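Fold and geometry: a report
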Amino acid sequence: MSDTTQAVPDVLGIAESWTLAGRKAALATVIETWGSAPRPVGSHLVIDAEGNFEGSVSGGCVEGAVVSEAIDVITTGKPTTLEFGVADETAWRVGLSCGGRIRVYVEPIV
Amino acid sequence: MDLSLLSALNEERATRRAAILVSDMAGGGQRLIRWADDFTDDPLADELARRFRSGTSGMVERDGGAAFLTVSVPPPRLVLIGAVHITQALVPMAQIAGFNVTVIDPRTAFATPDRFPGVALHAEWPEDVLKTEPLDPYCALAAVTHDPKIDDFPLQEALRVGCFYVGALGSRKTHAKRMERFAEAGIGAADISAIDAPIGLDIGASSPPEIAVAVLASVVKALRRPMEVA
């Protein structure tokens, strides 16, 4: 992509530079989608221990929940898999308004 | 993820080399497969080859459990042979659509920065430029000079490398002559028929900017629906 038109941040590049700068970070990746999920499989979000983030796994629907889980992952050092869907209102506070479901893998960068 | 793995992946991305990060979902182990690696003995060899072609990340279920493949292929690049009127319209359109664009034309009267601001422009022969900036399967190439001396080499090179789109401007008559030349040069019939000619999606385009729309539409179709393109 040309520099002038690149609207999507280089999440993997940011993840590397944050870690090299001594910031503890976690990488969230959309690993599976069902139905009309807003972001495709392979989409990334990078999160640091203070809750700063770059990228997108859902176009804004569930980023808040992913960020708070990621802070736990950074603390424990253990990866986890999260699932979000409109049908899971009892299990999760947030869901996808589009009616799709997504699974997100969250891993620490060490 | 190990920082060293992340750095290695980013290094491949920075140099337009495809790579796949394999994450074992049960054990948590991870490894990086580079496009240039010999991965024929890898338990996921078939899947890796397929993913390098499709460029899509995804989950793979195997006897040993599930693995997630983070597939990184270079951003699509559009190489335009010929700094003509069509090209002037096509460059900004393709840039807006997210393509990394390069224009090559040895005719210095055509290839001027005034006519092509904000794009990688080479007033040199394609033979020379492609030596230092080689084509790869994640490139599309459109040749629009009408001059076989300029167009033929990069078209043949694009077919050889397996660019995801190869298009050539010219009437059916011009293209028939081109097909004869390419056959004489030893290029297979299947490769020759892969050339998009007459160039562009058939939308009745007549002006150069309209032809640019048709070419860009064909390139996007080749990228997104490769199976439907002959």
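Counting starts from 1 at the beginning of each chain's written sequence and moves along it residue by residue. Chain A is the first chain written and ligand 1 is the first ligand written, with later ones labelled in order. Whole-chain, interface and lining totals are the exception, using all residues; otherwise, since this is a predicted model, local features are given only for residues with pLDDT of at least 70 and side-chain atom pairs are given and counted only at 80 or more. Neither water nor hydrogens contribute to the side-chain values; these are computed over all heavy atoms in the structure.

**Comments concerning the overall build of chain A**
Secondary structure summary: chain A contains two helices and five strands in total. Going from N to C terminus, chain A has its helices and strands arranged as α-β-β-β-α-β-β. Here a residue-residue contact requires only that any non-hydrogen atoms of the pair lie within 4.5 Å. For chain A, the share of sequence-separated contacts (at least 6 apart) that also reach a separation of at least 24 residues comes to 51%. Accessibility throughout is a Shrake-Rupley quantity obtained with a 1.4 Å probe, and a residue counts as covered only by protein chains that appear here. Carbon and sulfur atoms form 52% of the exposed surface of chain A, whose accessible area is close to 5300 Å². The helix count covers DSSP runs of H or I at least four residues long, the strand count covers runs of E at least two residues long, and both are numbered beginning at the N terminus.

**Let's talk about the sheet that holds strand E3 (residues 58-62) of chain B**
Residues and elements named next belong to chain B. Across the sheet, which stays open at both edges, the four strands sit in the order E2-E1-E4-E3 with antiparallel pairing between neighbours. Of all the strands in the sheet, just strand E2 (30-34) and E3 have a single pairing partner and so form its edges. When strand polarity is set aside, the average angle formed by the axes of neighbouring strands in this sheet is 25 degrees. At least two DSSP bridges between two strands are needed for those strands to be called paired. Inspection of the sheet shows strand E1 (residues 19-24) paired to strand E4 (residues 65-72) by six bridges, in the antiparallel sense. The residue of E4 that forms the bridge with Val 22 is Leu 69. Think of each axis as a best-fit line through the C-alpha atoms, taken over the contacting stretch in the case of a helix, with angles from 0 to 180 degrees between the N-to-C directions. Packed on one face of the sheet, helix H1 (residues 3-14) meets E1, E2 and E4 and runs near 20 degrees to E2. The sheet contacts of helix H2 (residues 45-54) involve E1, E2, E3 and E4, and relative to E1 the element is tilted by about 135 degrees.

**Comments concerning the UniProt feature "domain: XdhC- CoxI" (unreviewed entry) in chain A**
Under the local residue numbering, the UniProt record ascribes the feature "domain: XdhC- CoxI" (unreviewed entry) to residues 18-85 of chain A. Measuring from the first to the last C-alpha atom of residues 18-85 of chain A gives 30 Å, for a span that is 25% helix and 35% strand. UniProt positions are given in the numbering used here, feature names are shortened, and annotations may be inferred rather than shown by experiment.

**Some points on H2 of chain B**
Residue and element names in this part refer to chain B. Remark: exposure states derive from per-residue accessible area (1.4 Å probe, protein chains only) relative to the maximum for the residue type, with buried under 20%, exposed over 50%, and partly exposed in between. Listed in full, the buried residues belonging to H2 are Ala 45, Glu 47, Leu 48, Arg 51 and Phe 52. An end-on view of H2 places all buried positions within 160 degrees of arc, on one side of the element. Away from its buried face by more than 90 degrees, H2 exposes Asp 46 and Arg 53. Buried residues along H2 sit against E1, E2, E3 and E4. Arc definition: it is the arc formed by the directions from the helix axis to the C-beta atoms.

**What to know about the pattern of salt bridges**
We define a salt bridge as a contact between a side-chain nitrogen of Lys or Arg and a carboxyl oxygen of Asp or Glu at a distance within 4 Å. Counted by the stated rule, this structure contains 16 salt bridges over all chains. Overlapping salt bridges bring together Glu 12, Arg 17 and Arg 34 of chain B as one network.

**Considering the UniProt feature "domain: XdhC Rossmann" (unreviewed entry) in chain B**
When the UniProt feature table is mapped onto this chain numbering, "domain: XdhC Rossmann" (unreviewed entry) sits at residues 78-218 of chain B. For residues 78-218 of chain B, helix accounts for 44% and strand for 15%, while the C-alpha atoms at its two ends are 12 Å apart.

**Structural notes on the pairing of E2 of chain B**
Residue and element names in this part refer to chain B. Bridge count between E1 and E2: five bridges; the pairing is antiparallel. Looking across to E2, one finds that Ile 20 is bridged to Ile 33. Two successive antiparallel strands, E1 and E2, enclose a turn made up of five residues, where Gly 28 displays a positive phi of approximately 85 degrees.

**Description of unusual backbone geometry**
Residue and element names in this part refer to chain B. Note the cis peptide between Ala 197 and Pro 198, where omega equals -5 degrees. Considering the arrangement of structural elements, one finds Pro 198 in the loop between helix H7 (189-193) and helix H8 (208-224). For Arg 16, which is not glycine, the phi torsion reads 55 degrees and is therefore positive. When you line up the elements, Arg 16 lands in the loop between H1 and E1. One non-glycine residue, His 146, lies in positive phi territory at about 75 degrees. You can see His 146 is positioned in the loop between strand E8 (139-143) and helix H5 (148-161). Since its relative accessible area comes to 53%, His 146 is described here as exposed.

**Regarding the domain arrangement of chain B**
Throughout the structure description, domain borders are defined by an automatic or database domain assignment. For chain B, the assigned domains read domain 1 (3-72) and domain 2 (77-228). Relative placement of domain 1 of chain B and domain 2 of chain B: their C-alpha centres are 31 Å apart.

**Here we look at the state of the cysteines**
Residue and element names in this part refer to chain B. Working definition: a disulfide is two cysteine sulfur atoms within 2.5 Å of each other. Tallied over the entire structure, the rule returns zero disulfides over all chains. Unpaired in terms of disulfides, Cys 139 finds its nearest cysteine sulfur in Cys 163, a separation of 5.2 Å. Using a relative accessible area of 0% as the deciding quantity, one classes Cys 139 as buried.

**So, the packing of aromatic side chains**
Stacked, edge-to-face and tilted labels apply to pairs of Phe, Tyr and Trp rings (six-membered ring for Trp) whose centres lie within 6.5 Å, assigned for plane angles under 30 degrees, over 60, and everything in between, in that order. Using the criterion set out here, one finds two aromatic pairs over all chains in the structure. An aromatic cluster of at least three residues, connected via ring pairs, comprises Trp 35, Phe 39 and Phe 52 of chain B. A positively charged side chain is recorded as over a ring if its NZ (Lys) or CZ (Arg) lies within 6 Å of the ring centre. The angle to the ring normal must also be within 35 degrees. The lysine or arginine in question, Arg 23 of chain A, covers the ring of Trp 18 of chain A, its NZ or CZ lying 4.1 Å from the ring centre. Above the face of the Trp 34 of chain A ring, Arg 101 of chain A is positioned so that its terminal group lies 4.5 Å from the ring centre.

**Remarks on the interface of chain B and chain A**
At the interface, 22 residues of chain B touch 25 residues of chain A. Reported buried area values correspond to the accessible surface (1.4 Å probe) lost by two parts on association, with both partners' losses combined. Across the chain B/chain A interface, buried area totals approximately 1800 Å², and carbon plus sulfur atoms make up 62% of it. Applying the counting criterion to the chain B and chain A interface returns one salt bridge. Of the charged contacts, one joins Asp 10 of chain A and Arg 13 of chain B as a salt bridge, the two residues approaching to 2.7 Å between their closest N and O atoms.

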